[in-house]
Amino acid sequence: MRRKSLWLRLRKILFCVLGLYIAIPFLIKLCPGIQAKLIFLNFVRVPYFIDLKKPQDQGLNHTYNYYLQPEEDVTIGVWHTVPAVWWKNAQGKDQMWYEDALASSHAIILYLHGNAGTRGGDHRVELYKVLSSLGYHVVTFDYRGWGDSVGTPSERGMTYDALHVFDWIKARSGDNPVYIWGHSLGTGVATNLVRRLCERETPPDALILESPFTNIREEAKSHPFSVIYRYFPGFDWFFLDPITSSGIKFANDENVKHISCPLLILHAEDDPVVPFQLGRKLYSIAAPARSFRDFKVQFVPFHSDLGYRHKYIYKSPELPRILREFLGKSEPEHQH
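Residues numbered from 1 in each chain as written. Predicted model: local features only at pLDDT ≥ 70, side-chain atom pairs only at ≥ 80, totals over all residues. Heavy atoms only, no water.

With that out of the way, let us pick up the overall build of the protein. Each helix and strand in the protein was counted, giving eleven helices and eight strands. Since a compact globule built from 336 residues should have a radius of gyration of about 20 Å, the 22 Å found for the protein is in line with a globular shape. Seen through its principal axes, the protein has C-alpha atoms that stretch 80 × 45 × 45 Å. When each of the 336 residues of the protein is scored for burial, the buried share is 52%. Here the protein has roughly 16000 Å² of accessible surface; of this, 58% comes from carbon and sulfur atoms. Across the protein, the mean location of the 39 positive side-chain charges is 10 Å away from that of the 35 negative side-chain charges. (Helix = DSSP H or I, 4+ residues; strand = E, 2+ residues; numbered from the N terminus. Rg over C-alpha atoms; globule rule 2.2 N^0.38 Å. Buried < 20%, exposed > 50% of the residue type's maximum accessible area, 1.4 Å probe, protein only. Areas by Shrake-Rupley, 256 points an atom, 1.4 Å probe, with all protein chains shown as cover. Lys, Arg positive; Asp, Glu negative; His and termini not counted. Charge placed at Lys NZ, Arg CZ, Asp CG, Glu CD.)

Turning our eyes to something else, we now look at the nonpolar core. Counting 65 residues, the largest nonpolar core has Phe40, Leu110, Leu112, Phe141, Ile180, Leu207 and Phe250 as the members making the most contacts within it. Residues contacting Phe141, with those up to four places away along its chain left out, are Ile76, Gly77, Val78, Leu110, Tyr111, Leu112, His113, Arg119, Asp161, Ala162 and Val165. If you look at the next biggest cluster of nonpolar residues, it comprises 31 residues, including Tyr111, Phe302, Ile313 and Leu323. (Core = buried A, V, L, I, M, F, W, Y, C linked by side-chain atoms within 4.5 Å. Contact = heavy atoms within 4.5 Å.)

Running from N to C, helix 5 (residues 155–170) and helix 6 (residues 185–199) point in directions that differ by 60°, and their axes come no closer than 9 Å. Viewed along their axes, helix 5 and helix 6 adopt a mutual orientation that is oblique. The hand of the helix 5/helix 6 crossing is right-handed. When helix 5 is examined against helix 6, the residues Glu155, Met158, Thr159, Tyr160, Ala162, Leu163 and Phe166 are found in contact with a partner set consisting of Leu185, Val189, Asn192, Leu193, Arg196 and Leu197. When the residues that make up the contact of helix 5 with helix 6 are grouped by side-chain class, the tally is nine nonpolar, two polar and two charged. (Axes fitted to C-alpha atoms, helices over the stretch in contact; angles between N-to-C directions. Parallel < 35°, antiparallel > 145°, perpendicular 65-115°, else oblique. Left-handed = near helix turned anticlockwise from the far one by under 90°. Nonpolar A, V, L, I, M, F, W, Y, C, P; charged D, E, K, R; others polar.)

It is worth stressing that arrangement in space is one thing and function is another; only the former is reported here.
So, in structure tokens, the structure goes:
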């Protein structure tokens, strides 16, 4: 008797799981907004309790928090970290001092973060510290709808926010090089932005893509979340078409054909989120592209034994050398 009731209970659970498994694709198809939320994950605030107005709480004692307004009803939170050599000098300084500092002879990196979390995410903060110690200004921000930035997320909106911050930097940076660094989903924003900059003939001095994909459909197909549905009949129709119909493309593979500036791609072989082969594929599309005829395109793999996975390339002791060799020529001499 007990065995029979256990079997009935198990059967009930099994049917529930199966029902849910079959219902989810239909739910996503009917509400494409769900897919958009899963791509942006902007509602995931990790770490949750940090005060984005106080970057010093994250050990960034030479960082200023600004708010910019790319368009009406949109406000974005920005952090500007000055080169570590100015750490002492930066204490207690105001916004004017930080803005003026952009014109001093140090290159600037505009960092575009990936989905989920905020500009205060742990691995992001660690990268700012590394780049600052190498003598770069680091300007980073939360797209509309992320962190304390106000607005509704969309691919167009994210790209526009990045363009606004780039123009804000360029208005203050004099002749200093400005590099754009995108990570994960941020690589999609980065190539959208740089394509636009190249089309209006104001390219950045270089583009760095860390853990990039080819386009959002291929990334969604390879994402660990989609493993359980990969062989589900009509996978593309149920899961990928709603992404496209939400206006989300992040077409890195298409964008690189319209980009003319040095390109560096960094990817760990053991990346569980964006498969290594997507970064390698993007490189194989970019390298022969006519738009890069006069510029170097470099792909740097990180061996899986190193364990850098999706977001720990900043730990690489090789990173300073890689950046120096790739960006070196466009940096002022005294910066080394």
